[in-house]
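# Descriptive analysis of the structure
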Amino acid sequence: MVIENLKGVIFDVHKTLVDDSGFPRDRIWRLIEKSGVTVNRELYFELYDKITRQLFNWPEINPFVKVREIHRRRLQQIYRHFNVDRNIENDLNFLWESLAACQFYPEVPEVLHKLSGKFKLALLSNADADDPLLEIVRRCGVKFDAIVTSEQAKCYKPDRKIYELTLKKLALSPAEAIMVGDSPAPDIGGAKNVGIRAIWINRHGKIFNEYLPKPDWEIQSLSAIFEVLNL
C-alpha cells in the first residue's frame, strides 16, 4: 500500500516508544513486602490486574480525572484489600518518580531521529502533563511539533476529541497523518474512528481484537516503520 500525502506521524508513548518493564505492578508488590504484610504473589497479581482493568477502562472514565488520581485509587484499593498500612501519598510519589527509570526500546531513538525533518511528529498519550515518560521522550533531542496529553484534552484515547486536538495542533487532516501505537482500542480504534491510518506495533505476538477496527499495518519493531513508509 502506497501512503499518499502523508505529512505527519503521531506516536503513542507507553509501550510504543518507552518500555515500562512491568511498571508499577512489581514495585507495588515490593512496597507491600516492605510493609511486613505477607501476601500470596499470585493473588496479588490477580487483584492488581482486575483493579487495573476496572480503573484504566478509558472510555468509562467520567467525569474526567488525571492519570495520577487513577494510580492513587488503584493503590488505595490494593492496600485496603490486603490491610497494608502505608502512606499513600509517599508511595504514589515514589512510583511516579520511578517512572523516570524507564528506557526507550532499543530502536526508538534512531527511528525518531530519522523521521524528524521528513514529517511532522507528535506524541499523543493518555497521561498527565508531568508524566515522566513524556520527559524521557522530550530529552531524546527530537523536535515534536505537538505533544498532546489526556490532561490537556480532558479526555482519553480513544475519544475522538483528543485525536481532533492533535490534528489541529499539527494543522493536518486525518488523511495526512498516521498513528503508531500498541493498544488496539485506544490507539488503533481511536485513530481509525476519525479517519487516521494506523500502524499497530505488536512486540509480543498478541492477537488483535476482532471486534475493533483493524490496523492498516502491523509491525513487531518500530524500525519496521521505514518499510511501511517506503523510506
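Relevant structure appears above.
Notes on the structure follow.

### Notes on the overall build of the chain
Assigned secondary structure in the chain consists of 10 helices and 8 strands. Relative to a compact globule of 231 residues, whose C-alpha radius of gyration would be 17 Å, the chain shows 18 Å and is just as compact. Overall, the C-alpha framework of the chain stretches about 60 × 30 × 30 Å when taken along its three principal axes. Sorting the 231 residues of the chain into buried and exposed places 52% on the buried side. Of all intrachain contacts in the chain linking residues separated by at least 6 positions in sequence, the fraction that spans at least 24 positions is 64%. When the accessible surface of the chain is split by element, carbon and sulfur atoms take 48% of a total near 11,500 Å².

### Focus on the environment of Asp182
Within the fold, Asp182 resides in the loop between strand 6 (177–181) and helix 9 (184–193). Sequence spacing of Asp182 and Glu42 is 140 residues, and the spatial spacing of their C-alpha atoms is 26 Å.

### Quick notes on the pattern of salt bridges
Tallied over the full model, the rule gives 17 salt bridges. A salt bridge links Asp91 to Arg86; its shortest N-O distance comes to 2.6 Å. Note on Asp91: relative accessible area 5%, which makes it buried. Of the charged contacts in the structure, one is a salt bridge between Glu164 and Arg160, with a shortest N-O distance of 2.9 Å. Linking Glu164 with Arg160, this pair stays in helix 8 (residues 160–170), spanning 4 residues, or about one helical turn. Judged by its relative accessible area of 37%, Glu164 is partly exposed.

### Section: the sheet that holds strand 4 (residues 120–125)
With respect to topology, 6 strands assemble into an open sheet ordered 5-4-1-6-7-8, the strand pairing being parallel. Here the strands that pair on one side only, and so sit at the sheet edges, are strand 5 (146–149) and strand 8 (217–219). Taken over all neighbouring pairs, the strand axes of this sheet differ in orientation by 20 degrees on average, direction set aside.

### Some words on the nonpolar core
Counting 64 residues, the largest nonpolar core has Phe11, Tyr44 and Ile225 as the members making the most contacts within it. Those residues in contact with Ile225 that sit more than four places away from it in its chain are Val9, Phe11, Val111, Leu115, Val180, Ile199 and Ile219. Judged by nonpolar contacts, the second largest core, of 21 residues, contains Leu124, Ile162, Ala191 and Val194.

### Quick word on the pairing of strand 5
Strand direction decides the pairing type here: strand 4 and strand 5, joined by 4 bridges, are parallel. By the bridge assignment for strand 5, Leu123 is matched with Ile147. On the question of chirality, the crossover connecting strand 4 to the parallel strand 5 by way of helix 6 (residues 132–138) is right-handed.

What counts and what doesn't
- Residues numbered from 1 in each chain as written.
- Predicted model: local features only at pLDDT ≥ 70, side-chain atom pairs only at ≥ 80, totals over all residues.
- Heavy atoms only, no water.
- Helix = DSSP H or I, 4+ residues; strand = E, 2+ residues; numbered from the N terminus.
- Rg over C-alpha atoms; globule rule 2.2 N^0.38 Å.
- Buried < 20%, exposed > 50% of the residue type's maximum accessible area, 1.4 Å probe, protein only.
- Contact = heavy atoms within 4.5 Å.
- Areas by Shrake-Rupley, 256 points an atom, 1.4 Å probe, with all protein chains shown as cover.
- Salt bridge = Lys/Arg side-chain N within 4 Å of Asp/Glu carboxyl O.
- Pairing = 2+ DSSP bridges.
- Axes fitted to C-alpha atoms, helices over the stretch in contact; angles between N-to-C directions.
- Core = buried A, V, L, I, M, F, W, Y, C linked by side-chain atoms within 4.5 Å.
- Right-handed = clockwise from strand over helix to strand, strands pointing away.

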